[in-house]
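Okay, here's what each chain looks like letter by letter:
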Amino acid sequence: MASTFETRIFINNEYVEAKSKDVFTIHSPADGTLISDQVHSAGEQDIDAAVDAAQKAFKGSWGRQDPIERAKAMFKFADLIREKAQDLARLDTLAMGSAISTQTMGYRIAADLFTYYAGLADKIHGEAIYPTSTGPYKIVQREPIGVCAGIGAWNVSSILFAWKVAPALAAGNTSIFKPSEKAPLGVLALGPMIKECFPPGTINIVNGAGKTGALLASHMQIRQIAFTGSTATGRKIQEYAAKSNLKRVSLELGGKSPSIIFEDADVDLAAAKTAESTLMNTGQICAMASRVYIHETIADDFILRLKKAFDAVDQRNAIGDPLAETTEVGPLADQAQFDRVLSFLEIGKTDGELVIGGARRGQTGLFVQPTVFKNVARDSRIAKEEVFGPVITVQVFQTEEEAIKLANDTVYGLSACLYTKSIARALRVSREIETGSIAINDWYFPSLGAPFGGVKQSGYGREGGMEGLNDYLQTKTIQIKEVAVLPNKRSRADCQRNQHQYYLVMKSILRSTFDGNVRKRRASVGGQLVS
Ligand code: NDP
């Protein structure tokens, strides 16, 4: 199994040992074996060194570089990630157990994100505001912010890295990224590719736990922080920013996304898509549709088909060793996540009716059965809190109004999905759902060119698309006042005096130029005057 991989931190285009001397350990969630007990954890001095390097690159080799050259470097980096996608994915799979096919897709998406933002690097324009008859001209230019930092959750380190670093770089900023301590190895292995493409200090990677993240969020020289993780940690990030230098903050937080299945829906499609969303990355996806609201007339039929869809994955042996290429579903990420999900299974059994799954799967590794509860009490923790595992609740409704009310009955607002054959209903209900994204007849999966992010306590700020780039730019307005020359206020004597001075200056310039030319020509033809 284990191959060699980098465990130090990456600053100024070099791997260096953390000055903190702190290290942390990673075990395989698939079978408990030790992956490494020597992953370096960045402390205060390390973060300062990363900030210094990023600041130098921002003020020079990257920040002042021609945008076309920035684009070329990013295109190259994207290609290198794409080539090595599976090798990089393997490192994250080793650490956090997600199927290698899922993590490989993650690195391909990360590569595409660099390609997408590379294409925008030389297309950042400002605007000019046309003056009123008396007002000044105004030029609004869009500028980079400075040193930006990103902190990622562990479920797809690759995409979270690219969402934060690619737009920051395209805008001319430099970046420091902290992957989660549960899945740092793949992103960390990007070091040589970063070195091949970018000047030192442009991208720095600092492993570590929450303490390292807090150092970034509190740092006085970091101007922007983009965070992906739980709502609880998101609150802290905002606080650190407020207590330090009021750096800009964007928060991509948790979700408890609803899925509304109307009586006219294609039930097979709804069941297949619900199973896909529940199983992808073992349910550890922020946009997973974990609260299903279904019209009462089709609920039993839906649950039967959902069970069949889960069984089909089992029958094709797609749950198991995450390093096997045919595996679709691996274990949960670590013991803490496993314990958390199991505790929610117990809550569900108390507060609702268990209809599918409900226990760990096998005795080796941190696997759980895909699980469905019905008729869960509305104030139960399993109905309200994010489980972040392959667990869903199913609740019936009778009317559209009731479905909308149930869907909005949450502090979160990250994504949602609707299943119906009526486009009018789809658009009408979409307007009413409080969410940052919504899918019709599918579950929502973020795409490159569209903004992704939450409303309510799922956070603010957007990643992906032009909105993702705008988060890394700030505007500066330059006001130009026309200074009028008013001849009637100048006397004739003034003008004559100025004309005379102008004449004297021009004469002296012409004479010195003429004399100089004569001297040069004399020198070039052996002292003879030739013209
Ligand atoms: P956490 O909030 O626990 O951690 C997220 C990141 O923050 C990790 O890198 C973590 O470090 C770090 N961190 C922890 N404590 C602090 C602190 N005090 N200061 C600064 N940084 C800190 O979330 P999880 O990693 O458990 O991720 C799961 C959550 O992420 C879910 O809620 C999920 O919905 C959300 N998520 C949201 C997405 C979105 O786009 N909206 C996408 C993916 C996930 P470490 O892990 O090393 O301890």
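Procedures and definitions
- Residues numbered from 1 in each chain as written.
- Predicted model: local features only at pLDDT ≥ 70, side-chain atom pairs only at ≥ 80, totals over all residues.
- Heavy atoms only, no water.
- UniProt positions renumbered as here; feature names shortened; annotations may be inferred.
- Helix = DSSP H or I, 4+ residues; strand = E, 2+ residues; numbered from the N terminus.
- Buried < 20%, exposed > 50% of the residue type's maximum accessible area, 1.4 Å probe, protein only.
- Pairing = 2+ DSSP bridges.
- Axes fitted to C-alpha atoms, helices over the stretch in contact; angles between N-to-C directions.
- Phe/Tyr/Trp six-rings, centres within 6.5 Å; stacked < 30°, edge-to-face > 60°.
- Near = heavy atom within 4 Å.
- Polar contact = N/O pair within 3.5 Å; in protein donor to acceptor, adjacent residues only side chain to side chain.
- Nonpolar A, V, L, I, M, F, W, Y, C, P; charged D, E, K, R; others polar.
- Domains from an automatic or database assignment.
- Salt bridge = Lys/Arg side-chain N within 4 Å of Asp/Glu carboxyl O.
- Contact = heavy atoms within 4.5 Å.
- Core = buried A, V, L, I, M, F, W, Y, C linked by side-chain atoms within 4.5 Å.
- Parallel < 35°, antiparallel > 145°, perpendicular 65-115°, else oblique.
- Left-handed = near helix turned anticlockwise from the far one by under 90°.

Labelled according to an unreviewed UniProt entry, the chain appears under the name aldehyde dehydrogenase (NAD(+)), originating from Exophiala mesophila. Comment text from UniProt for the chain, heading Sequence similarities (unreviewed entry), reads "Belongs to the aldehyde dehydrogenase family." Quoted verbatim from the Catalytic activity (unreviewed entry) heading of the UniProt record, the comment on the chain is "an aldehyde + NAD(+) + H2O = a carboxylate + NADH + 2 H(+)".

## Structural notes on the UniProt feature "active site" (unreviewed entry) in the chain
In this numbering, the UniProt entry assigns the feature "active site" (unreviewed entry) to E252. With respect to the helices and strands, E252 occurs in strand 11 (residues 248-252). Relative accessible area serves as the criterion here: at 5%, E252 is assigned to the buried category.

## A look at the sheet that holds strand 6 (residues 137-144)
Here we have 3 strands laid out as an open sheet, ordered 5-6-20, and antiparallel in their pairing. Edge positions in the sheet fall to strand 5 (127-129) and strand 20 (473-480), since each of these pairs with one other strand and no more. The sheet shows a mean angle of 25 degrees between the axes of neighbouring strands, direction not considered. In this sheet, strand 20 lies alongside strand 6 in antiparallel orientation, the contact comprising 8 bridges. Residue pairing in the sheet places Q141 in a bridge with K476 of strand 20.

## Here we look at the packing of aromatic side chains
Throughout the structure, instances matching the rule amount to 12 aromatic pairs. Residues W62 and F198 carry aromatic rings whose centres are separated by 5.3 Å and whose planes lie at 80 degrees to one another, so their mutual orientation is edge-to-face. With W62 in the loop between helix 1 (44-59) and helix 2 (67-83) and F198 in the loop between helix 7 (191-197) and strand 9 (203-205), this residue pair connects regions lying 136 residues apart in the sequence. For W62, a relative accessible area of 0% translates into the label buried. Plain terms: the ring middles of W163 and F452 are 5.6 Å apart, the flat faces sit at 25 degrees to each other, and that makes the pair stacked.

## A closer look at the site of the ligand
Neighbouring residues of the ligand: 31 residues in total, closest G152, E181, S230, T233 and E386. A distance of 2.9 Å separates an oxygen atom of the ligand from a polar atom in the side chain of S180. Contacts to the ligand include S230, whose side-chain N or O atom sits 2.6 Å from an oxygen atom. When residues of the shell around the ligand are traced back to their parent elements, those giving at least two are helix 8 (210-218), strand 10 (224-228) and helix 9 (231-243). The leading source of residues in the shell around the ligand is helix 9, at 4 residues. Taken together, the residues of the shell around the ligand break down into 14 nonpolar, 12 polar and 5 charged. Inspection of the shell around the ligand shows a minimum of three residues originating in each of domain 1 (9-253 + 466-478) and domain 2 (258-449).

## Quick notes on the pattern of salt bridges
In this structure the tally under the stated criterion is 28 salt bridges. Across the salt bridge formed by D122 and K123, the nearest N and O atoms sit 2.8 Å from each other. Judged by its relative accessible area of 45%, K123 is partly exposed. A salt bridge links K307 to D311, with the shortest nitrogen-to-oxygen separation between them at 3.2 Å.

## Quick notes on the environment of Q457
When you line up the elements, Q457 lands in the loop between strand 18 (438-440) and strand 19 (459-460). Here Q457 falls in the partly exposed class, since its relative accessible area comes to 33%. Put simply, Q457 and I139 are 318 residues apart on the chain and 36 Å apart in space, counted from C-alpha to C-alpha.

## Details of the sheet that holds strand 18
Hydrogen bonds along the backbone pair up the strands of a sheet, which may run parallel or antiparallel. Spatially, the 7 strands line up as an open sheet ordered 14-15-16-13-12-17-18, and their pairing is mixed. Of all the strands in the sheet, just strand 14 (353-356) and strand 18 have a single pairing partner and so form its edges. Each adjacent strand pair in this sheet contributes to an overall mean axis angle of 25 degrees, direction not counted. In terms of strand pairing, strand 13 (residues 289-295) meets strand 16 (residues 391-397) through 5 bridges, oriented parallel. Within strand 16, the position partnered with R291 by the bridge is T393. Relative to strand 16, helix 14 (residues 400-408) is tilted by about 150 degrees, and along the sheet it contacts strand 12 (257-261), strand 13 and strand 16.

## Considering the nonpolar core
Ranked by internal contacts, the top residues of the largest apolar core, which has 90 residues, are M74, F77, F114, F161, F198 and F302. The leading source of residues in this core is helix 5 (residues 157-170), at 10 residues. Not counting residues up to four positions away in its chain, the partners in contact with F161 are F77, F114, A166, F177, V187, L190, I203 and I205. Counting residues in hydrophobic clusters, the runner-up holds 24 residues, among them A42, L216, A241 and V249.

## Details of the packing of helix 8 against helix 9
Packing of helix 8 against helix 9 leaves a shortest axis separation of 8 Å and a crossing angle of 40 degrees. By the angle class used here, helix 8 and helix 9 are oblique. Helix 9 is crossed by helix 8, and the crossing has right-handed handedness. Contacts from A214, A217 and S218 of helix 8 reach helix 9 at I237, Y240 and A241.

## Here we look at the side chain of T7
With respect to the helices and strands, the residue T7 is situated in the segment before strand 1 (9-11). In this structure the side chain of T7 is engaged in a polar contact, spanning 3.2 Å, whose partner is the backbone oxygen of Q38. Excluding anything up to four places from it in sequence, T7 contacts S36, Q38, V39, H40, L188 and N207.

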